[in-house]
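Now for the letters of each chain:
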Amino acid sequence: MTGLHIPGFSRIGANRELKFALERYWRGEADATELQQTARDLRQRHWQHQQDAGLDFVSVNDFSFYDHILDHICLFGFAPSRFEAGRSESDLDNYFRMARGRAPSGESTHALEMTKWFDTNYHYLAPEVSADTRFSLHPEKLLAEIDEALALGHAPKPVLVGPVTLLWLSRGENRLSLLPALLEQYAALLKQLEQKPISWLQIDEPILALDLPSDWQQALRTAYAALSAGELKLLLTTYFGDLRDNLELALSLPVAGLHLDAVRGGEEFRQAAERLGSHQILSVGIIDGRNIWKSDLNTALESLKPVQQQLGSRLWLSSSCSLLHVPVDLDRESTLDADQRSWFAFAVQKLSELRVLQQGLAGEGQEALAANAEAVGARRASKRIHKPQVAARLNAVTAEDSRRATPYQERAKAQQQRLNLGLLPTTTIGSFPQTAEIRASRAAFRRGELDFASYEDRMQSHIADCVKRQEALGIDLLVHGEAERNDMVEYFGEQLDGYLTTANGWVQSYGSRCVKPPVIFGDVERPSAMTVSWSRYAQSLTEKPMKGMLTGPITLLQWAFVRDDQPRSDTCRQIALALRDEVCDLEQAGIAAIQIDEPALREGLPLRRGDWKTYLDWATESFRLSASGVADDCQIHTHMCYSEFNDIIEAVAALDADVITIETSRSQMQLLDAFEAFEYPNEIGPGVYDIHSPNVPEVEEMVDLIEKAAARIPAQRLWVNPDCGLKTRQWEEVTPALERMVKAAAILRDRLSLSEPS
Ligand code: GLN
Ligand code: ZN
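Residues numbered from 1 in each chain as written. Chains lettered and ligands numbered in written order. Predicted model: local features only at pLDDT ≥ 70, side-chain atom pairs only at ≥ 80, totals over all residues. Heavy atoms only, no water.

A. Representation of the overall build of the protein in the model. On a plain count of helices and strands, the protein comes out with 27 helices and 20 strands. Taking 758 residues into account, the globule formula puts the C-alpha radius of gyration at 27 Å, and the protein, at 27 Å, falls close to it. Counting only C-alpha atoms, the protein reaches 80 × 60 × 50 Å along its principal axes. Of the contacts made within the protein by residues no fewer than 6 positions apart, 78% connect residues no fewer than 24 positions apart. Separation between the mean location of the 79 positive side-chain charges and that of the 108 negative ones in the protein comes to 1 Å. (Helix = DSSP H or I, 4+ residues; strand = E, 2+ residues; numbered from the N terminus. Rg over C-alpha atoms; globule rule 2.2 N^0.38 Å. Contact = heavy atoms within 4.5 Å. Lys, Arg positive; Asp, Glu negative; His and termini not counted. Charge placed at Lys NZ, Arg CZ, Asp CG, Glu CD.)

Printed below as a string of structure tokens:
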């Protein structure tokens, strides 16, 4: 019979139990015993789901209190030395100190750096290594979880991240020189695992889906030659893409089985089946572990059948990757209607899909397959998904639609005339502190305790307050403050047709932090204006120009679960057209500057460099499509908050925004080097105030930063602003910080006008 397993399950719990337990522990409201109990309950429940679905194994060691890469740092004992000082008695607290810089006991120190796990929205903690790094084995957690699963009567398949991926994800020089020492520890660990009644070990090397330099390819050969000596069967596991030039390599490694992502990897698994060693098994990740749609099981079955004929019981079925990236259980959804419910499969439902496929391959399960065909067919045909007018509009888009009428230099003159802002204008990124009062008003409105009129009243008073404060500070280009927004994506998702929001569709982003991405299920349209009334009201309160504030098409796409029945580029363009209407309506309402935020442009980059251009072309075109409906004198801003622009600077320029505000203060303006080298043509607002820190910067620090910026970018094209939105900060910090920022800009303006030849 076809084998069934998954590369991993979610940890956070269907009701975010782990999140709440962690936060109680961190606040000192619960002890370690209570936290451990929650963890055990979650593991038990998640294994039970796997057992109930008839999987051959349960995945073990996919559970983590914070992050699985951090778990590996502990497993192989290579925490950076700064975590030695101030160590606590409690291993758990030392673990949390690495994750968060602090824990209930032990001394605070700066945490490990957190970064995105491949192209997902999950963040891992990056190991730090150097020539001095030493490894030592601490397998207690892993062994205990195996015993726990065994005691519950399960067949455990432990999961490890492989040594080469672990080093790849580490920070430091000469990482590969550590491979021999690390391999010794892996080998010792495998020896210990052999003592357990287990047959398979899953070992993840997702870097096989990346462009790999030849020394890293060689490292994989070395590693698996060393690790295959023992008795355990290794399931080499890759995900998030096809293997392309690395397929040959993966097939040449002396492992007992290979897992491939058959969702992102297309038909590559068929090639793999052809060339598989005669004793190797192939695990085909046919169920999408990255998205929430019900699979088309009948189609999947057709593509699996020839492989099954070839491999027999050496074929295993699986989700494409760990189910960490999807919400846990559709049954918890209370707000979906019957139609919508029939479209989705969350983690628990995906387990059942595997079971149906297994039955299908055995010539059984006809009823379930028929039901699946009906659901999939109904979604395809649903009138709620396809809107002819949206398709028609998209078809009618011309090249002109995604181009401003004139080049930046000319627009800049028209904008200068209308806005009349002078040298080094000051602005902010959009949000102002989301006070308890603001959040309470929104929550009351949501719960129906506040009617719209009273809600609008309250929001208007928050806007009025925010405008008054900005005027008092002397900021040049104002914002309304975003009090009405819970989240920059959800706010628009709730108002656009084609989007839906789930009640409980949480996915772990990092540690205890979860996100609830909205779902784009159908053609996207804007039934009515989304932000205009707030911006118009804000503008009515002041003589100064008010900046409209939107989330851009790429970010609205990237931070959602996206429909899988048309190219992402089409969905992005639909969103762009909806936003274009909003941009034009804002212009009509007298708004002279409109910011379209795109913090997700960079993270949407495909894993392989060869695929970047296609993505960047449609992504930047979508942005321009949303922005290009306005006259020359309407100034389009965009904002991004990360620091690696070198790779994408051309695409940033291709957005052709009149002004871009970016995060730069922590890097001391260094990242402007990319803009300077590229001779970035339009205006830039490099952040001078690090909003991620509660510290209030000094005037001189900011003067210094602006001068550094002016050494790279002509002052005529520079703006002065914070790094990002201020919603997570307090007014007590924001007011003095902005006061000083305005002062710093004034000092520089004086200096620059003095030095200007008259
Ligand atoms: N306009 C948004 C804000 O100020 C931008 C947030 C972001 O860049 N992530 O909150
Ligand atoms: Zn930002």
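Back to the write-up after that little detour.
B. Region of the structure containing the coordination of the zinc ion (ligand 2). Summarising the metal site, the zinc ion (ligand 2) is bound by the protein donors His 639 (NE2), Cys 641 (SG) and Cys 724 (SG), whose distances to it range over 2.0 to 2.4 Å. Taken together, the 4 donor atoms surrounding the zinc ion (ligand 2) define angles of 91 to 124° at the centre, an arrangement classified as tetrahedral. Mapping the donors of the zinc ion (ligand 2) onto the primary sequence gives the spacing H-x1-C-x82-C. According to the relative accessible area criterion, His 639 is buried, its value standing at 3%. (Donors = N, O, S within 2.8 Å, 3.2 Å for Na, K, Ca; no water. Tetrahedral: all angles 85-135°; square planar, octahedral: opposite > 155°, others 65-115°. Buried < 20%, exposed > 50% of the residue type's maximum accessible area, 1.4 Å probe, protein only.)

C. Inspection of the packing of helix α10 (residues 268–275) against helix α11 (residues 297–311) at higher detail. In contact at an axis separation of 10 Å, α10 and α11 are set at 10° when each is read in the N-to-C sense. Classified by the angle between their axes, α10 and α11 sit roughly parallel to one another. Every residue of α11 that contacts α10 at Phe 269, Arg 270, Ala 273 and Glu 274 is listed here: Ser 303, Leu 304, Pro 306, Val 307, Gln 310 and Leu 311. Here the residues of the contact of α10 with α11 sort into 6 nonpolar, 2 polar and 2 charged. (Axes fitted to C-alpha atoms, helices over the stretch in contact; angles between N-to-C directions. Parallel < 35°, antiparallel > 145°, perpendicular 65-115°, else oblique. Nonpolar A, V, L, I, M, F, W, Y, C, P; charged D, E, K, R; others polar.)

D. View of the environment of Arg 275. Position of Arg 275 among the secondary structure elements: in helix α10. Judged by its relative accessible area of 38%, Arg 275 is partly exposed. Residues within four places of Arg 275 in sequence aside, it is in contact with Leu 247, Glu 248 and Leu 251. Within the structure, the side chain of Arg 275 is placed 2.3 Å from the side chain of Glu 248, a separation counted as a polar contact. (Polar contact = N/O pair within 3.5 Å; in protein donor to acceptor, adjacent residues only side chain to side chain.)

E. Quick look at the nonpolar core. The biggest cluster of nonpolar side chains holds 136 residues, and the ones touching the most others in it are Phe 65, Phe 76, Phe 96, Tyr 224, Leu 282 and Phe 344. Leave out the neighbours within four places in its chain, and Phe 76 touches Phe 135, Ser 136, Leu 137, Leu 166, Leu 182, Gln 185, Tyr 186 and Leu 189. In terms of nonpolar packing, the next biggest core, distinct from the first, is built from 98 residues, Val 652, Ile 662, Val 688 and Val 703 among them. (Core = buried A, V, L, I, M, F, W, Y, C linked by side-chain atoms within 4.5 Å.)

F. Local environment of helix α18 (residues 452–473). Across its 22 residues, α18 extends 31 Å between first and last C-alpha, which sits within 8% of the 32 Å expected from 1.5 Å per residue. Within the span of α18, buried status applies to Tyr 455, Met 459, His 462, Ile 463, Cys 466, Val 467, Gln 470 and Leu 473. In an axial view of α18, the angular spread of the buried residues amounts to 135°, which keeps them on one side of the axis. In α18, the exposed residues that point more than 90 degrees away from the buried face are Asp 457, Lys 468 and Ala 472. Where the residues of α18 are buried, they touch α17 (436–446), α20 (532–540) and α27 (731–755). Two residues or fewer after α18 comes Gly 474, characterised by a positive phi angle close to 85°. (Expected span 1.5 Å × (residues − 1). Arc of directions from axis to C-beta.)

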